[in-house]
Amino acid sequence: MATIFHYSLPPSLHAQSRLPLSRNVRIINCVSLDQTRNASSSTAATTSAANDSLRVIFAAGGTGGHIYPAVAIADALKSLNPKTQFLFVGTAKGMEAKAVPFSGYPFVAVPAAPLTRPLFSLNNFLILPYIITKSTLKSFKILREFDPHVVIGTGGFVSFPTCLAAALKGVKLVIQEQNSVPGIANLVLSLFADKIFVAYDSTIESFPQRSKCVVCGNPVRLSLMEQVSKTVARQKFFPNVAAKEGLGEAMLNECEDLFIIWQTGVEAFSEMESLARNHPRVVLTPFLHALDLAYAAADLVVSRAGAMTCYEILATGKPCILIPSPYVAEGHQLKNASLMADLAGSRVIMENELDSTILRTAIQEMLDNETLMAEMSKRALRAAKPNSSAEIAQHILSLVNNREVEL
């Protein structure tokens, strides 16, 4: 039984790139595209921070790739120092407005707007400066009232004014860069940051002040690291199939096709549902809350190449096919996909090369080659840093307490 976990592609490509339906039952997960530590040092830093209830502001928003790393770091800080007080800053209309409270943390909104392309535009020269000024002033007020010991920026355009306000106010500032190459905002903020946490060794070369950089990997949600059996995970998505123990010859003849878990994204869901409604081998959803189960159920991931998606693939050890989005600013996804190919042997298909035949062939070739799949899984797990959240949290506590962390 093979499961494919599929992260969404644009609607036009969904229709063009129909997945193959001609092999033994497999589940593919498609998504919208132990380090040791010096115990005495860890205890000292945690105890010192606990003497004065630690207050932390996170500036994050826009996409899950910026929000969930912040949540993961907050969870790790809370584990090390349960008395820590948190406040997340984001936009009122971004997904952070729902995702952060759902994760159990307080949230406050500030006005914000992205840098648009082309860079030399009326919006960037007239409207954006006004909104950034307004947001920075609102951030100053939040900082004055909450009085944080440290501000942590994990990206999204809303993080820039809040982190800038922290730097101007003299509050300790750290940033966490998920991508293999940083964007403009983090490059600017890096000049004021006390620490810069990066996911990959190669990312250090992109920052002008490399001595501030610490390679910790990308923080992933704890649920993804929990060991859930493939059988249990598949029962969640395909109870009628997974419950048939053994999947005998009659079952294989009846269900020859791939089983697909497809996170479409909100915008593409209606169109995709009209094409695959009630299909017995497709689970279609705009958003996967049980992402840990989707990864556990999958044999193969077909996805875009967002920074956190790539790192989740590494952390879960899944072979993958990446289709980097050409619409993401500064070519981040292409750079991420290229790095994934080097680290884990990920198969990369460019969008302008994508059609149903190419995708079908790529999927079948990978699923048919068990040796290749096993090697890709080993390489992915070897490249991942499973303790990233805890390591970043320890560095933050040490920074607040003016201590050197020993790892």
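Everything here concerns the structure above.
This one's a predicted model, so the numbers in the text were calculated from it and none came from an experiment. (Residues numbered from 1 in each chain as written. Predicted model: local features only at pLDDT ≥ 70, side-chain atom pairs only at ≥ 80, totals over all residues. Heavy atoms only, no water.)

A. Structural view of the pairing of strand β6 (residues 150–155). Burial within β6 is extensive, with six of its six residues counted as buried. Sheet topology places strand β3 (residues 55–60) next to β6; five bridges connect them, and they run parallel. Along β6, the bridge assignment pairs A60 with G155. Sheet topology places β6 next to strand β7 (residues 172–177); four bridges connect them, and they run parallel. When the bridges of β7 are listed, V150 appears paired with K172. In this view, the connection linking β6 to its parallel neighbour β7 by way of helix α6 (residues 159–169) has right-handed handedness. (Buried < 20%, exposed > 50% of the residue type's maximum accessible area, 1.4 Å probe, protein only. Helix = DSSP H or I, 4+ residues; strand = E, 2+ residues; numbered from the N terminus. Pairing = 2+ DSSP bridges. Right-handed = clockwise from strand over helix to strand, strands pointing away.)

B. Just a positive patch on the surface, in detail. On the surface, K134, K138, K141, R144 and K169 cluster together to form a positively charged patch. Ranked by residue count, the leading element in the positive patch is helix α5 (residues 122–146), at four residues. You can see K169 is positioned in helix α6. (Patch = residues over 30% accessible without salt bridge, like charges linked within 9 Å, V, L, I, M, F, W, Y side chains within 5 Å. Areas by Shrake-Rupley, 256 points an atom, 1.4 Å probe, with all protein chains shown as cover. Salt bridge = Lys/Arg side-chain N within 4 Å of Asp/Glu carboxyl O. Lys, Arg positive; Asp, Glu negative; His and termini not counted. Charge placed at Lys NZ, Arg CZ, Asp CG, Glu CD.)

C. Inspection of the pattern of salt bridges at higher detail. This model, assessed by the stated rule, comprises six salt bridges. Across the pair R55 and D147 runs a salt bridge, and its minimum N-O distance is 3.3 Å. Here R55 is found in strand β3, whereas its partner D147 is found in the loop between α5 and β6, with 92 residues between them in sequence. For D147, a relative accessible area of 41% puts it in the partly exposed group. Close ionic contact of R210 with E205 constitutes a salt bridge, the shortest N to O distance being 3.2 Å. For R210, a relative accessible area of 45% gives the class partly exposed. Where salt bridges share partners, they join K230, R234 and D299 into one cluster.

D. Fine view of the nonpolar core. Membership of the largest hydrophobic core comes to 34 residues, with the highest contact counts inside it found for F237, I261, I313, L314, L322 and M340. Listing elements by their share of this core, those giving two or more residues are α9 (230–237), β10 (258–263), α13 (291–297), α14 (307–316), β13 (320–322) and α15 (332–344). Within the second largest apolar cluster, 29 residues are counted, among which are F58, A99, I392 and V400. (Core = buried A, V, L, I, M, F, W, Y, C linked by side-chain atoms within 4.5 Å.)

E. View of the sheet that holds β6. Spatially, seven strands are ordered β5-β4-β3-β6-β7-β8-β9 in an open sheet, and the strand pairing comes out parallel. Edge strands, defined here as strands with exactly one partner in the open sheet, are β5 (107–109) and β9 (213–215). Taking each pair of neighbouring strands and ignoring which way they run, the sheet shows an average axis angle of 25°. Sheet strands touched by helix α18 (residues 388–400): β6, β7, β8 (195–198) and β9. Its angle to β7, the strand with the most contacts, is close to 165°. (Axes fitted to C-alpha atoms, helices over the stretch in contact; angles between N-to-C directions. Contact = heavy atoms within 4.5 Å.)

These values are about where atoms sit, not about what they do.
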